Amino acid sequence: MKIDVSRKLPEHIECLVYLHQEDAEIKGPEILGEELLQAIESFCKLENFNFSLGAITSFTRMINKKKQVIILCGVGKKEQFDSIILRNNLGNCWREATQHKVRQAYLALGFEAKIPEAELGHILSESALLSTYRFDKYRSNSISHEIQSIHLIYFAKTNRHLNRGILEGRIYAESTILARNLVNEPANVMNPETLAEHAKKAALEYGFSIEIHSLDKLKRLKMEALLAVGKGSKSEPKLIIMRYNGIPDKKSTKTALIGKGLTFDTGGYSLKPTDGMVNMKSDMGGAAAVIGAMAAIASLKLKVNVVGIVAAAENMISSTAYRPGDIITSMAGKTIEVVNTDAEGRLTLVDAIHYALEKEKADRILDIATLTGAAVAALGTDYSAVLSNDQDWLTTLKKAADFTGEKFWQMPLHLPYKDLIKSEVADLKNSGGRLAGCITAALFIHEFVQDKPWIHIDIAGRALRDKPQGIESHGATGAGVRLLTSLLRNME
Ligand code: BES
Ligand code: MN
Ligand code: ZN
């Protein structure tokens, strides 16, 4: 898709996307011409369209025997406008344009956006590429139509900042799409081994290094928690280690990004019901976020040192599967009573975290995981749940989230609830039961971070969408890729 900034218009405009604020006078870049603006104004009067937040409509007309599509979209009141509103509404517009089978679209804003030009460019390309994404490789007659070019009608002294932003938005989008593709692949295709292969391909393509540990090595490392979870599957667990050193000197701090990589989660013997299992191919959404973020961080050549770790496994039922009641010894040496085989994510994560601290000498830990139904119940599909032992680092994450529009809400790391995961027969049990499920899952992980700065992001509600919204299309959202990338960028 071609995306650029344009000062002139062609003879015929096939499609105009026009964004405006609520109840404001219809105006726009002068080159749009009186006729076009008057057509918009009459339509709005006739249809009582006042550009309230999120409102979108379109009309078509014939100009010199050629069809023209005009898409109108409201960004709401002047006071409430921000870059997140712009991104999501643009996403809806590009999707609308796709439905009209438009090939070339021009974008005009009826108001002054007051967003830095680089950010405007970023939002333009990111919204166009992400909102029009579809996972249709398995459809025999793929019906998808692609917009070929998008042009922002804008007058700047120089297009330098806008173009830099457009390029950067492309990197963010491409990495997010990489993650979406990994999550959308069904579990009969995506297993720990193929996930590792995909990570290898991404490493080659985007320029970070990779190492993959298989069964024998995992046994030698004593990663029994990860091994227990993967025992029931024919596809053996893999530990995927991705490294990117933007500052080669050894003293700089190293951030570990740990992604939950359950390529399928049946629940194991604590079996999930059908409805709860149907979407569990997305249980590697955290892993996809980490692989995507590694790709973006390497593409942007950020001056940071990062190690991305994915402990990939499949939680299945078989005669070799782990059972409720089993007691396992994690790599860290802490023993764990398995009271619920469906609380498997935290088991894989704590071995990956211990590996990051002991073998990779990571200074700080961020884990991202589709970890608990409790996070979904509490915050739904638009917010991730976040817990942390480091409020300063969390402030940096909040800044990143404000930029990317990926919302999160902090849950309390309430230490007294550690009582809920105490075991009579082992050091810990892997589930604290029904109460505060999102918090007790985080507290379990907290036991393994050795008081290093740590952020935990539960994206259980965010990984998949059943209908499009803003820049997110149906299926995998690629949640976390842009957030982690921006976080690392703010840590440069
Ligand atoms: N992968 C699930 C969490 C999940 C639920 C992700 C819904 C996406 C949508 C996780 O492994 C799980 O099963 N968690 C259990 C934990 C419980 C047994 C303590 C849950 O939340 O029910
Ligand atoms: Mn589970
Ligand atoms: Zn799971």
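Student: An account of the coordination of the zinc ion (ligand 3) is needed here, citing residue identities and associated values.
Tutor: The zinc ion (ligand 3) binds to the protein through K260 (NZ), D265 (OD), D283 (OD) and E344 (OE); the donor distances cover 2.0 to 2.4 Å. With 6 donor atoms in place around the zinc ion (ligand 3) and angles of 78 to 172 degrees between them, the coordination shape is octahedral. The motif formed by the donor residues of the zinc ion (ligand 3), counted along the single chain, is K-x4-D-x17-D-x60-E. A separation of 3.2 Å is found between the zinc ion (ligand 3) and the manganese ion (ligand 2), both of which receive a donor from D265. Here E344 lies in the loop between β12 (335–337) and α10 (345–358) and D283 lies in the loop between α8 (274–277) and α9 (285–299), a separation of 61 residues in the sequence.

Student: Tell me about the coordination of the manganese ion (ligand 2), and please be specific about residues and values.
Tutor: For the manganese ion (ligand 2), the protein coordination sphere consists of D265 (OD), D342 (O), D342 (OD) and E344 (OE), at 2.0 to 2.2 Å. Read in sequence order, the donor residues for the manganese ion (ligand 2) give the motif D-x76-D-x1-E. Take D265: its relative accessible area is 3%, and that puts it in the buried class.

Student: Run through the sheet that holds strand β4 (residues 66–74), naming residues and quoting values.
Tutor: Reading across from one edge, β1-β6-β5-β2-β4-β3 is the order of the 6 strands in this open sheet, with mixed pairing throughout. Each having just a single partner strand, β1 (2–6) and β3 (56–63) make up the two edges of the open sheet. When the angles between neighbouring strand axes are averaged without regard to direction, this sheet yields 20 degrees. Bridge count between strand β5 (residues 104–109) and strand β6 (residues 149–153): 4 bridges; the pairing is parallel. Pairing of A105 across the sheet is with I150, part of β6. Its contacts with the sheet put helix α1 (residues 34–47) on β2 (15–20), β3 and β4, and the angle it makes with β3 is roughly 130 degrees. Across the sheet, helix α4 (residues 160–184) touches β1 and β6, and the angle it forms with β1 is around 160 degrees.

Student: How would you summarise the side chain of S83 if you had to cite specific residues and measurements?
Tutor: Relative to the elements of secondary structure, S83 occurs in helix α2 (residues 83–99). Apart from residues no more than four positions distant in its own chain, S83 is found in contact with I115, E119, I123 and D402.

Student: So what's going on with the pattern of salt bridges? Residues and values would help.
Tutor: Using the criterion set out here, one finds 25 salt bridges in the structure. Of the charged contacts in the structure, one is a salt bridge between D4 and K2, with a shortest N-O distance of 3.8 Å. For R465, the salt bridge is made with E472, and the minimal N-O distance between the two is 2.5 Å. The same class applies to R465 as to E472, namely buried. Counted as one network, the salt bridges with shared partners bring together D382, R462, R465 and E472.

Student: Go over the environment of L16 with me, naming the residues and quoting the values.
Tutor: With respect to the helices and strands, L16 occurs in strand β2. When the C-alpha atoms of L16 and A97 are compared, they prove to be 9.1 Å apart, with 81 residues separating the residues in sequence. Setting aside anything within four residues of it in sequence, one finds L16 in contact with L32, L36, I40, V69, I70, I71, Y106, A108 and I153.

Student: So what's going on with α1? Residues and values would help.
Tutor: Taking 1.5 Å per residue as the helical rise, α1 with its 14 residues ought to reach 20 Å, and the 20 Å between its terminal C-alpha atoms agrees with that figure. Within α1, the full set of buried residues consists of L36, L37, A39, I40, F43 and C44. For α1, the arc enclosing every buried residue in end-on projection is 155 degrees, short of the 170-degree limit, so these residues lie on one face. Across α1 from its buried face, at more than 90 degrees, point the exposed residues E34, K45 and L46.

Cut-off values and rules
- Residues numbered from 1 in each chain as written.
- Chains lettered and ligands numbered in written order.
- Predicted model: local features only at pLDDT ≥ 70, side-chain atom pairs only at ≥ 80, totals over all residues.
- Heavy atoms only, no water.
- Donors = N, O, S within 2.8 Å, 3.2 Å for Na, K, Ca; no water.
- Tetrahedral: all angles 85-135°; square planar, octahedral: opposite > 155°, others 65-115°.
- Helix = DSSP H or I, 4+ residues; strand = E, 2+ residues; numbered from the N terminus.
- Buried < 20%, exposed > 50% of the residue type's maximum accessible area, 1.4 Å probe, protein only.
- Pairing = 2+ DSSP bridges.
- Axes fitted to C-alpha atoms, helices over the stretch in contact; angles between N-to-C directions.
- Contact = heavy atoms within 4.5 Å.
- Salt bridge = Lys/Arg side-chain N within 4 Å of Asp/Glu carboxyl O.
- Expected span 1.5 Å × (residues − 1).
- Arc of directions from axis to C-beta.

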